[in-house]
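So you can see what is in the structure, the chains are spelled out below.
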Amino acid sequence: MTQQRKAVALISGGLDSLLAAKVMLEQGVHVEGINFFTGFCVEGHTHAIRKKDKDKPKRNNALWSAEQLGIKLHIIDIVEEYKDVLLNPKHGYGANMNPCLDCKVFMVGKAKEWAEENGFDFIITGEVVGQRPMSQRKDTMPVISRESGADDRLLRPLCARNLPPTLPEKEGWVNRDELYDFSGRNRKPQMALAEKFGFDDYAKPAGGCCFLTDENYSAKLVDLWDARGSREYEMDDIMLLKVGRHIRPAPHYKLIVGREDGENKFLQGYKNSYISLKTVDVPGPLTLLDGVATDLDIQYAAKIAARFSQGKNAESVTIEARRINGDTSTLEVKPMSPAEIQPEWYV
Ligand code: SF4
């Protein structure tokens, strides 16, 4: 009896990784998935904060993919190790702060380590030649295989026939003739394959698999580093960049203003780590102050926060300012007029 080979699949939650794993399962390979959590992932709880699409059931698409495939999924936290990938990418950044090529090298390298530790034979990804400008080009795909150390144990089932045969193909663990030759940005072949496999409710994210491909998010990250004078971050920092309006009226502090109920509730969870402002006499957002704010700064920030409350046209709005130690004070402020809020304050 031939030995059943084992592959570990990088599962992002998108269609391509779902299909790649399915193609392997169809060939009788034992597949388990890995999903890496960097802190910047679009997946996870953060997309459940806002009311938008509130009627749609929330789901983690990586878990959903694994469920569809009937495979185990290992979710691995790489938040700390990922800092070096983001801060010092050997191959640079894409259009925004996305270090896609270094990121892929890192993730495939981690998957290779995991495969060795767990007795797996090879690694699969949903990459397609020519699909993404940085990490999925004909000239960069070999870089990922080589620099990750996976070499010819890295198989891309969706475009394998456009690439040199890998070890699983050469050894006959998988049948190359039943792999695919997709290329380019056209998604129709993937959609047709999804239909063939009976997948119809797969995720269709507009951007990449993480916030680093997002222009606004990247601008907020760079602003944070500039303001602190150091390219460092903690989990709370990068979570908060996903939420609220970010307004920086002075280099040493910024406001994070909740845009709706869901965000206000989320920001509440940070009241013991940041100064917070809340309207008392009218409905309004919860606002956090990030930075070192003096009493004068808090007074000024309260005027801005009042602008986003239902008292924005009132002569005066009452704001409760809460310090990190729990001390509170009440401020009576005139909401700032739209003309006073400078466009360049919006991060
Ligand atoms: S989009 Fe984000 S997670 Fe995906 S490869 Fe690029 S940097 Fe990595």
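A short tour of the structure in this document, coming up. Remember, it's a predicted structure, so these values are computed and weren't measured experimentally.

## Digging into unusual backbone geometry
In this structure, Asp151 takes a positive phi of about 45° despite not being glycine. Along the chain, Asp151 falls in the loop between α5 (141-148) and β5 (154-155).

## Brief notes about the site of the ligand
In the vicinity of the ligand, the contacting residues are Tyr82, Pro99, Cys100, Cys103, Cys209, Cys210 and Thr213. Along the lines of polarity and charge, the residues of the shell around the ligand split into 6 nonpolar, 1 polar and no charged.

## Notes on the packing of helix α3 (residues 79-87) against helix α4 (residues 100-118)
Between α3 and α4, whose axes approach to 9 Å, the crossing angle comes to 145°. The chirality of how α3 crosses α4 is right-handed. Listed contacts from α4 to Glu81, Tyr82 and Val85 of α3 are Asp102, Cys103, Phe106 and Lys110. Tallied by class, residues from the contact of α3 with α4 come to 4 nonpolar, no polar and 3 charged.

## Quick word on the pattern of salt bridges
The final tally for this structure, using the stated rule, is 20 salt bridges. For Asp201, the salt bridge is made with Arg59, and the minimal N-O distance between the two is 3.1 Å. With Asp201 in the loop between α7 (188-197) and α8 (215-228) and Arg59 in the loop between β2 (30-37) and α2 (61-69), this residue pair connects regions lying 142 residues apart in the sequence. Given a relative accessible area of 23%, Arg59 falls into the partly exposed group. Salt bridges sharing common partners tie together Glu80, Lys83 and Glu234.

Conventions and cut-offs
Residues numbered from 1 in each chain as written. Predicted model: local features only at pLDDT ≥ 70, side-chain atom pairs only at ≥ 80, totals over all residues. Heavy atoms only, no water. Helix = DSSP H or I, 4+ residues; strand = E, 2+ residues; numbered from the N terminus. Near = heavy atom within 4 Å. Nonpolar A, V, L, I, M, F, W, Y, C, P; charged D, E, K, R; others polar. Axes fitted to C-alpha atoms, helices over the stretch in contact; angles between N-to-C directions. Left-handed = near helix turned anticlockwise from the far one by under 90°. Contact = heavy atoms within 4.5 Å. Salt bridge = Lys/Arg side-chain N within 4 Å of Asp/Glu carboxyl O. Buried < 20%, exposed > 50% of the residue type's maximum accessible area, 1.4 Å probe, protein only.

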